[in-house]
Amino acid sequence: MIIGTPQFMSPEQARGKDVDHQTDIFSFGVVLYEMLSGNSPFKGETVSDVIAAVLTQEPKRLDIPRELEEIVNKTLQKKKRNRYQSAKDLLHDLEEARQQLEIQSRLQRTSSSNLEESETRILEGRTTPDVETRNSIAVLPFTNISLNEDNEDNEYFCDGLAEELLNALSKIEDLKVAARTSAFSFKGKNASVSEIGEKLGVKTVFEGSVRKAGDKLRISVNLINVSDGFRLWSKRFDREMKDIFDVQDEIALAVVDALKLTLFHDEKAAVLKRYTDDAEVHEWFLKGRYHANKYTAEGWKRATEFFEKAVEKQPDHAPSFAALAVSRGCLWFFGMLPAEQTIPQCRTASLKALEIDENVADAHLALAIITFFHDWEWENSDEKFKRSIALNPNNAEALSYYAMFLAFEERFDEAISLNRRSLEIDPLSLVINMNVGWSYFSAGMLDEASGLADRMIELEPDFFGSYWLKGAIYLSEGGYEEAVEELRKAVALGGHQIVLSDLGSAYSLSGKNDQAAVILDQLLQMRQREYVPAICLARIYSRIGETEKAIEWLEIAFEERNGEMVFLRGEIAGAATGDSLRSLGDDPRIVDLLRRMNLP
């Protein structure tokens, strides 16, 4: 029997044959065609004519975007085997088409906006400001359009794929590549290409989307010219997970070709260098990096788990060893785990990475931070910072930490130069802005430090580091009430125990010793349950006038190798955190402590 509305029948339905879900896909295609055009794809004066059209005629082509045209055509194929095999596949393609059309719409708005700006410049006699002559690019995080429940897994893969491409392109000398943190700050935001280009100082933007279903991948990418919003190159890749390395290489070389760059042999080898051909090891590495980039205690802990899986399966995977060292080092440096639980493993992982490949910049950086903040070997630390930066001159984090080291050594001119460079590379990174802000603070450049604190609040109002820095500035200037207000915000937004101890110092300096004692008691109770750096307690004891207790806790901090101890000289001299330890400066036990730390 033939049952149904003729205009919406599939060919098999019109013939009275068996029907299934693909009949519904055909009928959906008819509905979609009418929605886009206002007309039926199959017309006739009688029912027989309509059925004949369904069976024999091809619908009239529509003047619609190619992405939608392909979907409509595939739904209306006469033979079932040529149609979508499932509604899920159809939905995936519709989601991807929507993504592509949104991108095109944004590009058109950008192009129109650029045209208006150009006309205004001509009318007002203005010219375009000078820009860097070399090629430049920002690689944005890929959009996840996968339709399954494991969204975090898809998210890490999208971020990881973009980051792998960014790292590969960063090895090209004639190409300026926006830093990961700044480029990824646009994730989930509807920023125009011109806005991204202006904020990151780049001429091109690379963006894409990923649809992941099991082992199947569909990666769609676009390289966009910022000045006019036009696509320089775009492509879609349908692959399996086992082919991911080849796809990454193909995309990187296609970008190089589109930007008309010339790669010499060594440079091309660096761009295409792989540390593994094992998709599972690569997947664990990407997951680890995804969590490490969250810059939280939980993130670093989870990251170490994935990096450990990677090196367990592939004991010569140098990037995982280096990343493992950095994550463990961060857990100690930010006061979440004691040195005895982290530093030996951190050092071992760094050395293992360098044993495999001496040119892993992050491994040198991890060792530089250890030798600075833990070993107190200043010359050794200086050399390791230089080596890391020589291997990766565009690592803004390495530059900012080295600037912090230079400020510690009172080499302020060098520190300021590196700070400016790190901000040029990664202007939207909260961590970089915070590191640079503390370097300025150490150098006594309080206006510059305050400007960076305000900038961080503008970038992310809920970042504790902004208010922590502002609180320290107020403390150093004697604005104790203002310092309390800022540091309370920092603690409320997730500031760690070090921030809490600074708040205790601020309470004491503002004459509120009772509240300072409450925080002191809170830290003492916390230390019974979890790690709290001893220097936090020393600072508050010093401010409430308990000198013996303060020196006792400084000795414990020395034994624990608290990272904050490197700032002890500045605090005693009154140059940092509201001179919380200044009252101890004349005690011979403190002089001896500084000597044992190799500090004059």
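Residues numbered from 1 in each chain as written. Predicted model: local features only at pLDDT ≥ 70, side-chain atom pairs only at ≥ 80, totals over all residues. Heavy atoms only, no water.

S.K.: Looking at this structure, how should I read the pairing of strand β6 (residues 231–240)?
M.R.: Side-chain direction in a regular strand flips from residue to residue, so the side chains alternate between the two faces of the sheet. By the bridge criterion, nine bridges tie strand β5 (residues 216–225) to β6 in an arrangement that is antiparallel. Bridge assignment links Leu217 to a residue of β6, and that residue is Arg239. The antiparallel hairpin formed by β5 and β6 contains five residues in its connecting segment, where Gly229 sits at a positive phi of about 80°. (Pairing = 2+ DSSP bridges. Helix = DSSP H or I, 4+ residues; strand = E, 2+ residues; numbered from the N terminus.)

S.K.: Would you explain unusual backbone geometry in this entry?
M.R.: Excluding glycine, a negative phi dihedral is what most residues carry, and trans is how most peptide bonds are arranged. Positive phi outside glycine occurs at Lys260, with the angle close to 55°. Residue position: Lys260 is located in the loop between α9 (244–258) and α10 (265–271). Backbone geometry places Trp376, a non-glycine residue, at a positive phi of 60°. Among the residues examined, Trp376 registers a relative accessible area of 1% and is labelled buried. (Buried < 20%, exposed > 50% of the residue type's maximum accessible area, 1.4 Å probe, protein only.)

S.K.: I keep staring at the nonpolar core and nothing clicks. Help me out?
M.R.: Most often, soluble globular proteins keep nonpolar side chains buried together rather than apart. Of all hydrophobic cores here, the largest spans 167 residues; its most connected members are Leu169, Phe206, Ile219 and Met565. Ranked by residues supplied to this core, first place goes to helix α17 (residues 396–408) with eleven residues. When sequence neighbours within four positions are dropped, the list of residues in contact with Phe206 reads Ile137, Ala138, Val139, Leu140, Phe142, Leu165, Val221, Asn222, Leu223, Trp233, Ile251 and Val255. With 17 residues, the next largest nonpolar core counts Phe42, Leu62, Leu68 and Tyr84 among its residues. (Core = buried A, V, L, I, M, F, W, Y, C linked by side-chain atoms within 4.5 Å. Contact = heavy atoms within 4.5 Å.)

S.K.: Got a minute to help me understand the pattern of salt bridges in this structure?
M.R.: Side-chain pairing between opposite charges can occur once the charged atoms of the two side chains come close. For the coordinates displayed, the defined rule picks out 44 salt bridges. Note that Glu240 and Lys216 form a salt bridge whose closest N and O atoms lie 3.2 Å from each other. Taken together, the residues Glu240 in strand β6 and Lys216 in strand β5 connect sequence positions 24 residues apart. Ionic pairing is found between Glu481 and Lys512, a salt bridge with its closest N-O pair at 3.3 Å. Taken together, the residues Glu481 in helix α22 (residues 480–492) and Lys512 in the loop between α23 (497–509) and α24 (513–529) connect sequence positions 31 residues apart. Three or more residues are tied together by salt bridges with common partners; here these are Asp93, Arg211, Arg218, Arg236 and Asp238. (Salt bridge = Lys/Arg side-chain N within 4 Å of Asp/Glu carboxyl O.)

S.K.: When you look at the side chain of Ser510 in this model, what are you seeing that I'm missing?
M.R.: Counting through the fold element by element, Ser510 comes out in the loop between α23 and α24. Residue classification places Ser510 among the buried residues on the basis of a relative accessible area of 18%. A distance of 2.8 Å separates a polar atom in the side chain of Ser510 from the backbone oxygen of Tyr507. If we skip the residues at most four places from it in the chain, Ser510 touches Tyr480, Glu481 and Val484. (Polar contact = N/O pair within 3.5 Å; in protein donor to acceptor, adjacent residues only side chain to side chain.)

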